[in-house]
Structure formats: structure tokens, C-alpha cells
Amino acid sequence: MLISENNAPVPENLNRIMNQKGLKQLFVAKQAGLTGQQMTDMLNGRRLIKVSDLLSLSDVLGVSVSDLCARAEPGGGGT
């Protein structure tokens, strides 16, 4: 199994939440105690995302770990 498959859907949710809040990847990384390269590697499937990373990132972004781990609903959830 690939790292990107293990991490999914966290990278997509991280990018979406950072964009919604207007936050830069490097700012979020530093606030979470990560380097910019570590954050890039997580988002690009080259680094496993650990529980400790999820906890730090959720605190920085002001969301729950569940928000970071949530899978998109098929069909976009529309009616």
C-alpha cells in the first residue's frame, strides 16, 4: 500500500481548509511544529501522517481531527 493511500483523505482536507482560511502551508507547518518540507511531503504522499501530526494540525487550523480525516461523500452530497 502506498503512503498516499494511507494518508487519504487528509491531504485534500488540509489543502481545502488552509485555502478556506487563507493560510499558507509554511505558516501552518511552523505553527504545528513541522518544517515546510515535512508538510510538503505529507501533502504529496511522501510522509506518513502520524496521529501527533493530526493533533497539532487540527489545533492550528481550529478544526477537529475528524474534519481532517473525513471522506468526501460520493456525488458531492447534493440532492
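These remarks concern the structure in this document. (Residues numbered from 1 in each chain as written. Predicted model: local features only at pLDDT ≥ 70, side-chain atom pairs only at ≥ 80, totals over all residues. Heavy atoms only, no water.)

1. Quick notes on the nonpolar core
No. 1: Counting residues in hydrophobic clusters, the biggest one holds 17 residues, and the most contacted among them are Leu14, Met18, Leu34, Met39, Leu57, Leu61 and Leu68.
No. 2: Looking at this core element by element, the count peaks at four residues for helix H2 (residues 10-21).
No. 3: Residues contacting Leu61, with those up to four places away along its chain left out, are Leu14, Ile17, Met18, Lys21, Leu23, Val28 and Leu68. (Core = buried A, V, L, I, M, F, W, Y, C linked by side-chain atoms within 4.5 Å. Buried < 20%, exposed > 50% of the residue type's maximum accessible area, 1.4 Å probe, protein only. Helix = DSSP H or I, 4+ residues; strand = E, 2+ residues; numbered from the N terminus. Contact = heavy atoms within 4.5 Å.)

2. Examining the packing of H2 against helix H5 (residues 51-61)
No. 1: Orientation of H2 relative to H5, taken along the N-to-C sense of each, is 20°, at an axis distance of 11 Å. The orientation of H2 with respect to H5, classified from their angle, is roughly parallel. Crossing handedness for the pair H2 and H5: left-handed. Of the residues in H5, those touching H2 at Val10, Leu14, Ile17, Met18 and Lys21 are Leu54, Leu57 and Leu61. (Axes fitted to C-alpha atoms, helices over the stretch in contact; angles between N-to-C directions. Parallel < 35°, antiparallel > 145°, perpendicular 65-115°, else oblique. Left-handed = near helix turned anticlockwise from the far one by under 90°.)

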